[in-house]
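Now for the letters of each chain:
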Amino acid sequence: MNSKTTISFKSTNTLIEELKKQENIEILKEGNFLTSLFSKKKYADVYFHTGNLDEKSIENIKNSKITIANSFASMNQIIAKTKISHEKVKVIYPSVNIEYKKPKEVRAKISEELNIDLNTKLILFTAKNFKTSGVKEVLDICSSLNYQDFKIIIAGEKKQITALQFQLPKYQNLADKIILLEDYKNIDDLFLASDIFLLPTYNKTFASNVLKAMYCECVVFLSIENDAKEVVDVFASMDSPNDPSTAFKIDAILLDNDEIEKIKKENKKVAEEATLQSNLEKFNYIIGNV
């Protein structure tokens, strides 16, 4: 490779933003119409693939030296569709980039702010799109819990919260358990304060909040529709967004503090492999060995 490695991408992320600061990295700019007429099209050394595998993505993948996928499911799809060599696709999971604070200290602050007893278990749901991420399923699951000393924190944009409020009268048994947080500033603190992150999502694209929740020592429950299933254990996997066994699993976890603590520590260890620093090292190792 040249002294500078060129990269291109469909959409940016924290790793790409960090790479832009490196002197050995150059972003390949899209050529305009005139340059495309009079000069040979240039392709990046490294192409970051996300989203649909459309024609333009396939063209970039076939012409780059290395493609970075954000999951093994995506990598397998790329190889199956483009028939490129396995060596040309590498996986780097979405980066965890948050300031780690002691969960117990954050928990104390959040409990005081939201007027929750310190021993009450906290179940967190947050997403950009509540419907496709399974907010109804979260409420259905929590309605079926036998364990009683819990609160559900639902955080999101005003529009999502407003739409959700119309559904809440159906969940009378949860009336005193739901805490709605609109445009909450310190969303990372909610992850650090919570015990369980519940995401019964219908979305396939890797939910980066799963790794964030694991890094913040949450027990995670995730539907296997999502590519992030690769980082959670079998116990945490939901066969579908409305998997009836999830409520039983959550009840079992909430009744066993030792098991909760064990899973929290294991999750942190897994997620530490995907910190921004760790992912930068992975990327620089990859380009150093091309």
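For the structure, see preceding data.
Conventions and cut-offs
- Residues numbered from 1 in each chain as written.
- Predicted model: local features only at pLDDT ≥ 70, side-chain atom pairs only at ≥ 80, totals over all residues.
- Heavy atoms only, no water.
- Pairing = 2+ DSSP bridges.
- Helix = DSSP H or I, 4+ residues; strand = E, 2+ residues; numbered from the N terminus.
- Contact = heavy atoms within 4.5 Å.
- Axes fitted to C-alpha atoms, helices over the stretch in contact; angles between N-to-C directions.
- Parallel < 35°, antiparallel > 145°, perpendicular 65-115°, else oblique.
- Nonpolar A, V, L, I, M, F, W, Y, C, P; charged D, E, K, R; others polar.
- Salt bridge = Lys/Arg side-chain N within 4 Å of Asp/Glu carboxyl O.
- Buried < 20%, exposed > 50% of the residue type's maximum accessible area, 1.4 Å probe, protein only.

### Section: the sheet that holds strand 6 (residues 121–126)
No. 1: The strand order across the open sheet formed by six strands is 8-7-6-9-10-11, and the pairing between neighbours is parallel. Either end of the sheet is taken by a strand with one partner, and the two such strands are strand 8 (178–182) and strand 11 (237–238).
No. 2: Two strands pair when backbone bridges link them, and strand 10 (residues 219–223) and strand 11 are joined in this way by two bridges, in the parallel orientation. Paired with Leu-222 across the bridge in strand 11 is Ser-237.
No. 3: Strand contacts of helix 8 (residues 158–165): strand 7 (150–156) and strand 8, with the helix running at about 150 degrees to strand 8, the strand carrying the most contacts.

### Let's talk about the packing of helix 3 (residues 55–63) against helix 4 (residues 72–82)
No. 1: It is the contact of helix 3 with helix 4, at a shortest axis distance of 11 Å, that shows an interaxial angle of 85 degrees. By the angle class used here, helix 3 and helix 4 are roughly perpendicular. The residues of helix 4 that touch helix 3, namely those facing Ile-58, Ile-61 and Lys-62, are Ile-78, Lys-81 and Thr-82.
No. 2: Split by residue class, the contact of helix 3 with helix 4 holds three nonpolar, one polar and two charged.

### Structural notes on the pattern of salt bridges
No. 1: A full pass over the atoms with the stated rule returns 17 salt bridges.
No. 2: Where Asp-195 meets Lys-264, a salt bridge forms, and the shortest distance between an N and an O atom there is 3.0 Å. A residue pair is termed long-range when its members are at least 10 positions apart, and Asp-195 in the loop between helix 9 (187–193) and strand 9 (196–199) and Lys-264 in helix 12 (residues 257–271) qualify at 69 residues. In this structure, Asp-195 and Lys-264 share a single accessibility class: buried.
No. 3: Residues Lys-265 and Glu-261 are paired through a salt bridge, measuring 4.0 Å at the closest nitrogen-oxygen approach. You can see Lys-265 and its partner Glu-261 sitting in helix 12, four residues apart, about one turn around the helix.
No. 4: By relative accessible area, Lys-265 is classed as partly exposed at 47%.
No. 5: By relative accessible area, Glu-261 is classed as partly exposed at 37%.
No. 6: By sharing partners, the salt bridges in this structure join Lys-101, Lys-109 and Asp-189 into a single network.

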